[in-house]
Every structure is written in C-alpha cells, then in structure tokens.
Amino acid sequence: IHLKNAHVKNKGQFETVIPTEDSVITEITMTLRDWGTMWKQLYMRNEGDLFHRLWHVMNEILELRQQVLVGHLTHDRLSDIKQHITARLDWGNEQLGLDLVPRRDFSMVDPDEISITELYRLVGSHTFMLTRHRRREAPPQASMHHLFLQMKSMMSSNLGEELEVFYSVYDSREMRPISERFFVRLNKQGLPKSPEKTERQCTLFVVSLDLFRVHQGHVLGVEAPLSHVLTDISTQLKNRLHFQYGYLPPAGEIRNDLYVTLERGEFEKGGKSVARNVEVTVYLLGGDGQVLKGLVCCGSGEPGVDEHRSFVLYHSNSPRWAEQIKLPIPLEMFHGTHLRFELRHCSSKTPLSKEKGEKKLFGFSFVPLMQDDGRPLPDGTHELIVHKCEETADLQDPARYLKLPFSKASLQPGNNQTIKNSKESFWIQSSLCSTKLTQNGDMLDLLKWRVHPDRIIDCLPKLKDIDGTEIVKFLQDTLDTLFGILDESPQRYGLKVFDCLVHVINLLQDSKFQLFKPVMDNYIENHFAGALSYRDLIRVLKWYVDRIIDAEHQEQIQQVLKASEYLFKYIVQSRRLYAAATGGQNEEEFRCSVHELFKSIHLFLSHESKGISPITHTQAVFLRSFPTVCCELLKIFSMREVANLARDTLSSLPALTHTDCPLQAVKLQCMAKTVDSPLYINPESRCVLLPVVLRLLHTHLQEQRELVLCANILTSMLTLNTPATVSLTPKLIYILKLNNKSDVCVFQGEFVACLLTLLQQLKDKEYQQLLSRFPTKDELTSFLLQLFTVFRILIRPDMFPKDWTVMRLVANNVIITTILYLSDTLRNNFLNEKFDFKVWESYFYLCIIFINQPCLQLEMFPPSKRKKVLEKYGDMRVMIGCEIFSMWQHLGDYKLNLIPTLIGPFMEVTLVPQMDLRNVLIPIFHDMMDCEQQRSGNFKQVEAKLIDKLDGLMSEGKGDETYRELFNNILLKKIERETWRESGVSHIATVTRLMERLLDYRDCMKIGEVDGKTMGCTVNLLNFYKTELNKEEMYIRYIHKLYELHLKAQNYTEASYTLLLYDELLEWTERPLREFLTYPMQSEWQRKECLHLTIVHNFDRGKCWENCIILCRELANQYEAYYDYRNLSKMRMMEASFYDKIMNQQRLEPEFFRVGFYGKKFPFFLRVQFFRHICIIFIYVCIHIIYNKTLLIYYNKCNKS
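Residues numbered from 1 in each chain as written. Predicted model: local features only at pLDDT ≥ 70, side-chain atom pairs only at ≥ 80, totals over all residues. Heavy atoms only, no water.

### Quick word on the overall build of the protein chain
Per the secondary structure count, the protein chain includes 45 helices and 24 strands. Burial analysis of the protein chain (1201 residues in total) assigns 48% to the buried set. Pairs at least 24 residues apart make up 70% of the contacts formed inside the protein chain by residues separated by at least 6 positions. If you sum the accessible surface of the protein chain, you get close to 60,100 Å²; carbon and sulfur atoms cover 52% of it. (Helix = DSSP H or I, 4+ residues; strand = E, 2+ residues; numbered from the N terminus. Buried < 20%, exposed > 50% of the residue type's maximum accessible area, 1.4 Å probe, protein only. Contact = heavy atoms within 4.5 Å. Areas by Shrake-Rupley, 256 points an atom, 1.4 Å probe, with all protein chains shown as cover.)

See the structure below:
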C-alpha cells in the first residue's frame, strides 16, 4: 500500500478524492483499470488481434508512466512523452469504444471549470485529429525537405590516389547546381581522410525543386575528371539552401558571399608542338595587395584556404573546369579587393608532385570585386583578358596591373587593339549572395541618398520598380533610408516617402515575402528611430482618407488602407519614442490628431453605396485590418478610449440590405477579430463594445445571414461568460429549430454549444428577464414550443458523435436545469382556463425522451464510469421523473386531456430499470384509471392502451420480472380504498398476466432455438389475446409468429393448421382490408384465397393430402361461382394430383402421445396443460431423448414438490 497526497473536493456524501500527482498519471491509472477488465473480455470473445495489440500498448504506456514518475526528464522530452501517452490512450479508447477524453495541454479538463463553448471546441478539435488519424489521410506536402548526406566510402578497383569528392544539389531543368558544393577528402582506400572529424563527412541539403544530386570528383594530379553520377530524386520541395541565384535569404540572416566558377579557357600553344596542360591558381587579394588568408573555400566540408588550384586537363588549350569556389569576404574588406587567376603550364616530363614538378607561369587574369560606381561585380559570365607574364615577381605589386583592363567587355572602342584581338581568353561566372551589397543601381542610388541628395526626387518613385527580392534583402537599410529622407524634408518628400513605405509594407503581404514580417517587427521595436515621423504619417494618411469618397480610382487608397496595420505600428512607436525623449510633451496634440483621423475614417465608412461599388471594397479593406489597429493603439491609449474609438467605428457602418454585398462578411470578420482581441477580453472595454456586437448579431441572426461567422463570434463571447447576451437566446432557438428541418448544418454544433452556455449562465433573474420579452401568451407559447423542440433535437443520439459522452452529460445537465426553471412558468401561465394542450404535451414528451436517452442508462456503464457520473450529476432520470410526477399532480382535472396520449410514453418510462424512477411514476397509472373511471364509468381506454403498448415495448427487451411485481404491488395498494376496486383488481391482474406471458415468450426467443417450449409460449400468448383480451390483431400477429416457428422446425402440417386459424377468421367477401404484416392492401376474398393456397402448399409438404383435397374443393367452388374456369381447371388438376399421391406415395403411420404437466415449478405456460404429440416411427428415439432432457426433467423436479 502506498499513500498518495490528495485533496478532497465537495466534502460530504458525494465527496471526490483527487490525487495531487500529475494529471496524466491519474488518467493512466484510471484508464488502465478499465482497459484491464475489457482486455480479459477480448480474450474470452476470441478477438486475438486486438487483444495482443492492446497488451503491447498497455505495456508501452506503463513504461512511459515510469519515466514520468522518475522526474529526470527535460521539459521538452516530458512534453513529447505526454503527447505520446495521450495519443496511445486515445487510440485504445477508440478501439474499445470508450468515451472521448477532452484535454488541454495533456491534462483532462473538468467540464465544470470551463464554458460549454470552450468544451465543444476542445472535443471537436480532438475528434478532428482522431478522424484524420483513423482515415490515414495523406499528409500535406511538406513546405521544406531536408536531404541528409553522409560520405562513408568510395569503393573502386581503380583507386590508388587521394580523392576530392564534391556533392551539390543540381536543378535538372535549368541545368545548373543550386547549392554550395559539399567537399570531402578521401584517402587512397576510398575512406574519409580524417575519420575522427565526423562533421566533415556529412551535410544537410534544404532544397525546393525537381532536382538531381551530382557526384563530382577528380584525383589529385590526374589530368582527366571522374565521370558524373546523376541520381534523379524528383521531389517537390520549397526552400533552397542559398539565394545566390535570386532566391531569398532566411529572414534576418546576414551574408556576404561571392561564388566564382572557373568556366573555361582558350589558350595558344605558346611555341610548342602540343597543347598545354593548364592549371589555374586563384588568389584573393586585399586593397593593400596582400593575399587574404583562409577566405577561399572549395566546399562546405573543409575549412578555407589561401589559394585554390584547379585540376589539370592533359594537352588541352580549351579546358573546361566548371569548378566553383566560395569567397566569404567580410563587408569591410570588400572594397578594394580583387581576384587574380595565375595560369601555368604543368610539364608532363616531370613528376606531378607540387613540390618537385615544374609549373611555368605564362599569363594571368584579374577582376576587381567593386566597380567604379560603387556596385559590386555583377552576376553572370565574364570574359577576362589573359595578360602575358612569365615571372611571378612581376605580380608582386598589384598596383602595376590593376590599371590595366581586366575584361574584354570593359575595353574602350579604338583602344588596346592588341589585347582585343588576342585569341586567348579566360571565362569565369560570378554570383553574389549578400544582404549588404546590391547590384541594382536604383537601389544603390536610394541607399546612398546623402551622397547625391539631388537624386532623391527621382529615386523614390523607382523603388516600386525594384524587384521585391532586392528590397527584402536590404529591408532595414531601405526603411532607415525612407525615414531619414522623411526627417530631412517632410513637406517636400512626405507624400512620396509615404507611398514608398506603403509599397514596402504591402510587399510583405505577398506569400513569398511573409517570412520577413518578423524582420520588420524587430526593426520597429529595436531599430526604428523616427521620433517625429508620427506627425507626417498621420497627416498623409488623413489626406488619403479625406479623398476616398470623391476619388475616381480607389486602387492607391486601397493599398494605403491595406498597410494601415503597420502604418499605425510606426505611428505608435514614433509617438512612444517622442514621449520618452520629451517627457510626454504634445500629448493632447497627438490625441487630437488621432481623433481627427478617425473622424475622417468614420465619415468614409458611413458612406452607403447602391450595390457593389469601389468604395465598398475600400471599406472592406480597412475593416480587415481595423482590429490590429486597435491593438496597436492600446499601447498608448487606455482601454476605454480605444473601446470608444472601436465602438464609434463599428457603429458608423451602414445597415446594408444587399445580401450579396461583400461588406456583410467583412463586418462580421472584423467583429470576430475584435471579440478575440484584448479589447473585448477586458471587462471595462467589453461593456462599451457589447451593445454594438449584439446589435450586429441580432441583425444577422434575424435575417439568417453569415451564420457560420455568427456562431464563431458567439462562441468567443460566451467563453468569457457574458450574461448580457441573454437576449440572443430566442434567436438561437429559432435557428436550431429551423435548421432541424434540413440536414444538420456545419455550424449547428457551434450554435448548440452557444445556446447551452447561455442557458447555463441564466439565473432566476435572467430567466425572468428572458420570459418577460414575450408579453402575450401566444408569443410565450411559441417560444416554449420552439425551446422544447430544440431540446428534443439536442438529446437525439445523432446530435453528437457516439463517444462525446462528456458533452452529452453537460448538455443534459443544462436541459434539466432549464426544465426545472420552466416548470414554474407552465404552472403559472398554462393551467386552469389558460390550459394549453400543446405546451403540456410537448413538455411531457420532452421529459420522457430525456429519461430514455442511451447516455443516461447508467446500468449499461462500467462501474467506474457509473460512479463518476453519479458523483458529478447524480441520476438525472430520477430528478426529471420526480418533476414529471409533480407536474402531473398540478394538472388536476386537466389530466383527462392527456390520458389517451401519454399512457404509452409513461409506460415506456416506467420500464426503465431504475427502482426509484419506477416507484415515482407507476402511481400515475392509478391517477389515469381514476380519472377515466370518473369520466366514463370504466377505464377500458387505459387498459387497451396499456396492453397495446406493452407488447411492443417488451418485445424490444424492456421490462423484467421485478417490474411486473412492482407494477402489481403498487397499483393494488393504490386502489385498496377506491370504489372501483374490484374492476381495478381485474384490470391489474390482466395486465400482470400479460406481462408474465410476454416475459416468458421473450426469454424463450432469446435462446434462438425452436423447441416445444418456444412454441408453447407462443400458443399460450395467442390464446390469451383471443380469449381474455379479445385483441384480434395481436392474436393474428402471434398466429404468424407461431407459423414461422413451425416452418423453421419443418413442421409443415402444424404450420398449416396454425395458419388455418387466421383463415377461419375471414369470409369470402369483397370487404377491403388494409396492409398488414406481409400482406398488401387487398380484398378479404383475395387474402383468404392467398391463405388457402399457402396452407395447401404446406399440407402437401407435410404429406397431409386429405386436408389438401378439402381446401382445393372449397377453392374450386369459389372459382366456379365466379366463372373463373382457368383457376378452376388448375385446382381440379391439383386435387387430382393429391389423389395420385395418396395412392402412389408411401406414408408412415404416426404415433400419438398425450403429455401433461403438473407442478408449480413448471413454467407458467406449461402448468396443467395437455399436448398431443405426433411422432413418426423413425424419429421416435430422437423425441424420446428430447423429452428425457427437457420435459421429464421438469417432471422429476415437480414430483419433489
């Protein structure tokens, strides 16, 4: 025994002990206890597959539980384990048909501690996740794929040299690599050269195109490259690793990398008879002419080096290398830096070792990385000039050759003809990947506006033409430039800067650039320094708003309003900076300017257009961003002040009558965002906004428009427990009742949760307020009938998914509370001369349906679940049963109006196997009998209704022997002092005997075997209906049930005799008969003919041909009387065939036995009964065995008594 810490909730008789341990541990303990019992039952039912799967899951959960209890897990690991545990618990509950468990942050949720709307969202979202898992839907395509590569080894019989292996992601459509190369050095055995440095042997590619993976390598010192190996991956991906080909950098990343590819060369023989073996050596030199150390990278797997040497192609004056190097040059070193490419001939007559071999310099090329106008080297292919040089000493002073032209494209016309006509050239390809250097001239002019202030007026409009990729790469610099220009001359440049700012803001709305929104947010919070900018931003924004109504074109204005969220962020932050710097000066001036701005906004929002106009779209654009504007204003204004602005703004909108106007949905979307914002969550500001919200909801609910959005808004409102929404209750009831006529709507569940939450919040005062909204009796009647109808909808089995028991119980708790409140209303407004049959009938039907709900039948629950329900809610069936009895007693003489209608439903309720409920409701039958006796002098109507309903209910499996005894005892006790006691006793005895026979019949039918006991029960029951109750219809029903039993047992003769009982009730007349059982609507003559033919057929199968002849003669006489000679001929032929069978076919003589049953321990239907059994000789032994096993056992038992 282990003692746990716990706290007691609701101390007393129904107290609950809750352990203080982790809620996940508590749930595991309770769930595994329930699973344990059901797991054993799976074994008993031979469900081996689920049995073993559940066993493995239970063990897995126990292991995870132990890890949680140990308490040595990190926070992230603990969250992962809890998530895995809850997923396994949900899986097991689903497989075993148990209830869904609502959770928040892996912890079970107490329905009493959250609103019903929130509970509905939790359960609904949980069900959605389970449904997706169950359907095994294909997951959506990932927005980014990661390709992990690790170089293990390269096995080949040709290896004998050290290797350099390069990997890159290759775009098969554009025929070029789209990533850096991954560089691995291998030894002569094909293994990594530094096996201890595992970080140099693996890499991660992040790519987003149909791509190829390229394996490229060359052996050191060997003149021929290895073959390329292409593997088509053909995977759709999204984000690339780099943006050197125009793709975006990750938001906030700072890079300054130059990628240079040695493409090819064209060289002369240089006086030799054979082509040269050309090697290129690449150096990066700074402004001082010194080689920059460690800034030349061949790939991402190895550290940078001082120089790069290309591989050598044997005897080739037109070599093609396609080798890429990366130069991660710091920004401060970029100016004045250049690349030098030294070209050497490697002699093949000497060893190729770098230390010993002869490598003779024959020329060089160079390229500056920064142009004269301040722009870096443009991307693309460059044809470089090959300058003749044979001595390395000539290159010691870079200043000597930097004055020379470096590319043929840079040569001036008419100059340097010798160089221009040279046949030697060297081609490279460059690509700059930088967030600080731009190759765009317009962008460079804008960023360097202080150098050329006269160009500002031309540079600002050009910003809109610059590619968005360039703008977001230099986002912070661009914003600093715009606000610097605004501070420099707000009157001159204010409007143009404002337009540029709007363009940049809206650029980030594009899905391609949305990742850069955090960059702008970070800029506003930490880098923005425009303390005076708010004045000009407000001024220009108001200028635009004032011209909305009169403007012919709304596109630019819509772009401005689309950017209003970030415009207000800049305004608010600018004001905060100014207030911090000046101690809050000019506060009133700022408030006045904001209020003036909103007055202009209210004016254009109040403009009502006929139909759909551009102004309508402009209004919609502003409303979409208005909630976020309010959230920004909360940073500098009080809650109430912002709430007043929001109220006035929303109130200024016109009341639109066009159902197809797009502003309808936008208004509600704006309202929904407002309700979810801090502005509505705060109680003080909520009081200001609530009337506006309710008015808009009233309008849309009344007109049945945008109901999905209305449901979402109501759900958010009611999550905050706002009783002021009580006025919406009638509208919700009407909507739910209306939508019940069609298919269940998507939004119906949301409205159900909203209605239940509203009713849950109502107290006595609110109920009185709600009912007082209906001044006339007709309006109140209509409301109550609608409410009762909606409640009947809510308690239907298909209202919620099967495993939503928590939601059902919460809904039932609200319904029963509402019923108790409304009972007073019925007693006060619908009794005496104001009695309304429809209201009372609907009320009682609702209560009866409520009691019969499957989710309230606690006897069917496992013990643990039944205990939880009783502890939290009690037995709601008994509560509502007591209310039914109380309301019935208040009816007085008006009970007579409900007696024929409610007898059957009350009988159904009393059959529920709950002793307290039966004790409360069975006395109602005494009241019914007494009222009927006083009205008509007998209670045959009550008796007939009870008998008719009893057969159907008990055949459905309702009722038991305890109910029969309780019914008999309670009613006999109730009528002891009545004047009509004698007839009452007779009636009660009749009903009780019928119950006894029905229970015996049901018990026999449960066995599923056709034997003498089953047939005896059926015979006994049909005779009871015929002789004691004179219920011909029920008598006929049981004739056919007995007939089916005989057919199933192949007792064809007995089946014919049974059906003959029905045949004898009919006459050869033309009286029309209704459709009944399997018989269609037909005349009495036709049904009797059909029965005759069926009976003849079964007598024939039982070889009782003498009886067949009698029935054939009777049918022949009828055909002859109607001159139906065709059927008469058939019947005479059939009769003749029976004579032939009698003469020609052999039949065994049957033996007859008379069997009687004596003794009180025999079943009721067998006591003092005599049966004649026909036994064919060859099955005599079988029947003898049956009697020894069944009937004679009864005989031996009864002899003892």
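### Overview of the sheet that holds strand β18 (residues 380–385)
Read across the open sheet, the four strands follow the order β15-β12-β20-β18; overall the sheet is antiparallel. Edge positions in the sheet fall to β15 (320–328) and β18, since each has one partner strand and no second. If you compare each strand with its neighbour and ignore which way they point, the axes differ by 25° on average. (Pairing = 2+ DSSP bridges. Axes fitted to C-alpha atoms, helices over the stretch in contact; angles between N-to-C directions.)

### Some words on the side chain of E641
Relative to the assigned elements, E641 resides in helix α19 (residues 639–651). Since its relative accessible area comes to 17%, E641 is described here as buried. Polar side-chain contacts of E641 include one of 3.4 Å to the side chain of H595. Residues contacting E641, with those up to four places away along its chain left out, are R591 and H595. (Polar contact = N/O pair within 3.5 Å; in protein donor to acceptor, adjacent residues only side chain to side chain.)

### Focus on the confidence of the model for the protein chain
With 85% of its residues at a pLDDT of 70 or more, the protein chain has an overall mean of 81. Across residues 209–247 the pLDDT falls below 50, and counting only partners more than four positions away or on other chains, this stretch makes 125 contacts in the model. Taken together, the stretch residues 1176–1201 has pLDDT below 50 and engages in 27 contacts with residues farther than four places along the chain or on a different chain. (pLDDT = per-residue confidence, 0-100.)

### Notes on the sheet that holds strand β17 (residues 359–368)
In space, the five strands of this open sheet follow the order β14-β13-β16-β17-β19, with antiparallel pairing throughout. Looking at strand neighbours, the two that pair on one side only are β14 (307–309) and β19 (387–388), the edges of this open sheet. Relative to β19, β17 runs antiparallel, the two sharing two bridges. If you follow F364 over to β19, its bridge partner there is H387.

### Description of the pattern of salt bridges
With the rule as written, the count across this model stands at 58 salt bridges. Put simply, E342 and R344 hold a salt bridge, and the shortest N to O gap is 2.8 Å. Neither E342 nor R344 differs from the other in exposure class; each is buried. Among the ionic pairs, E1084 bridges to R1071, the shortest N-O distance being 3.1 Å. (Salt bridge = Lys/Arg side-chain N within 4 Å of Asp/Glu carboxyl O.)

### A word on helix α41 (residues 1084–1101)
Between its terminal C-alpha atoms α41 stretches 26 Å, which fits the 26 Å expected from 18 residues at 1.5 Å a residue. Turning to α41, its buried residues number three or more, namely E1084, W1085, R1087, K1088, E1089, L1091, H1092, I1095, V1096, N1098 and F1099. Phi for K1103, located one or two positions after α41, is positive at around 60°. (Expected span 1.5 Å × (residues − 1).)

### Quick look at the packing of α41 against helix α43 (residues 1125–1144)
For the pair α41 and α43, the least separation of the axes is 12 Å and the interaxial angle reads 20°. It follows that α41 is roughly parallel to α43 by the angle criterion. Seen along the crossing, α41 lies across α43 with a hand that is left-handed. Two secondary-structure elements touch here, α41 through L1093, V1096 and D1100 and α43 through M1131, M1134, F1138 and K1141. Here the contact of α41 with α43 is composed, by residue class, of five nonpolar, no polar and two charged. (Parallel < 35°, antiparallel > 145°, perpendicular 65-115°, else oblique. Left-handed = near helix turned anticlockwise from the far one by under 90°. Nonpolar A, V, L, I, M, F, W, Y, C, P; charged D, E, K, R; others polar.)

### Focus: the packing of aromatic side chains
This model, assessed by the stated rule, comprises 47 aromatic pairs. Arranged with centres 5.4 Å apart and planes meeting at 65°, the rings of F939 and W980 form a pair that is edge-to-face. Taken together, the residues F939 in the loop between α34 (923–936) and α35 (940–955) and W980 in the loop between α36 (961–974) and α37 (981–1007) connect sequence positions 41 residues apart. Look at F939 and you get buried, because its relative accessible area is 5%. Judged by its relative accessible area of 6%, W980 is buried. Judged by centre distance (5.1 Å) and plane angle (80°), the rings of Y1057 and F1099 are edge-to-face. Taken together, the positions of Y1057 in helix α40 (residues 1052–1063) and F1099 in helix α41 put the pair 42 residues apart, joining distant regions of the chain. F1099 sits in the buried class, given a relative accessible area of 1%. One aromatic cluster is present, built from ring pairs that chain together F788, W840, Y843, F844, W888 and F906. Above the plane of the ring of F861 lies K865, whose end atom (NZ or CZ) is 4.1 Å from the centre. Its end group placed over the ring of Y1038, K1041 keeps NZ or CZ at 4.3 Å from the ring centre. (Phe/Tyr/Trp six-rings, centres within 6.5 Å; stacked < 30°, edge-to-face > 60°. Lys NZ or Arg CZ within 6 Å of the ring centre and 35° of its normal.)

### A word on unusual backbone geometry
Even without a glycine there, the phi angle at N1030 is positive, about 55°. Relative to the elements of secondary structure, N1030 occurs in the loop between α38 (1012–1027) and α39 (1032–1048). A relative accessible area of 64% means that N1030 is categorised as exposed.

### A closer look at the nonpolar core
Across soluble globular proteins, you tend to see nonpolar side chains buried next to one another. Counting residues in hydrophobic clusters, the biggest one holds 146 residues, and the most contacted among them are W840, F844, W888, F906, M928 and Y1025. Core analysis: the next-biggest nonpolar cluster, separate from the first, contains 104 residues, V502, I538, L541 and L701 among them. (Core = buried A, V, L, I, M, F, W, Y, C linked by side-chain atoms within 4.5 Å.)

### Concerning helix α15 (residues 555–562)
Along an α-helix, residues three or four positions apart point the same way, because every turn accommodates 3.6 residues. Buried residues of α15: I557, V560 and L561, and no others. Looking straight down α15, one finds its buried side chains confined to an arc of 95°; they lie on one side. Packed against the buried residues of α15 are α12 (490–507), α14 (533–546), α16 (564–582), α17 (587–605) and α18 (614–633). (Arc of directions from axis to C-beta.)

### Describing the packing of helix α11 (residues 475–488) against helix α13 (residues 517–526)
For any two helices packed against each other, the geometry is given by the interaxial angle and the distance between the axes. Following both chains from N to C, one finds α11 and α13 inclined at 45°, their axes separated by 10 Å at the closest point. In terms of their interaxial angle, α11 and α13 are classed as oblique. For the element pair α11 and α13, the recorded crossing hand is right-handed. Contacts between α11 and α13 involve L475, Q476, L479, D480 and F483 from the former and V519, M520 and Y523 from the latter. A class-by-class count of the residues in the contact of α11 with α13 yields six nonpolar, one polar and one charged.

### Some remarks on the pairing of strand β12 (residues 256–266)
For β12, the buried fraction is high: eight of the 11 residues fall into the buried class. Both β12 and strand β20 (residues 425–434) contribute to a ladder of 10 bridges, which runs antiparallel. From the neighbouring strand, T261 faces β20, where its bridge partner is Q429. Of the strand pairs in this sheet, β12 and β15 are connected by seven bridges, and their pairing is antiparallel. Looking at β15, one finds that D257 is bridged to P328.

### Concerning the environment of H315
Considering the arrangement of structural elements, one finds H315 in the loop between β14 and β15. A sequence separation of 41 residues divides H315 from V274, and the C-alpha atoms of the two residues are 6.8 Å apart.

### Looking at the side chain of Q554
Of note, Q554 is situated in the loop between α14 and α15. The class of Q554 is buried, set by a relative accessible area of 4%. Within the structure, Q554 has its side chain in polar contact with the backbone oxygen of A551 (distance 3.4 Å). Setting aside anything within four residues of it in sequence, one finds Q554 in contact with I548, P614, I615 and T618.

### Focus: the environment of K473
Looking at where K473 falls in the secondary structure, it is placed in helix α10 (residues 468–473). Remark: the alpha-carbon pair of K473 and L437, spanning 36 residues in sequence, is separated by 9.3 Å.

### Focus: the environment of C670
In this structure, C670 sits in helix α20 (residues 662–675). Owing to a relative accessible area of 2%, C670 belongs among the buried residues under this scheme. Counting along the chain gives 46 residues from C670 to R624, while the straight-line C-alpha distance between them is 5.9 Å. Apart from the residues within four sequence positions on either side, C670 is in contact with L623, F626, P627 and L650.

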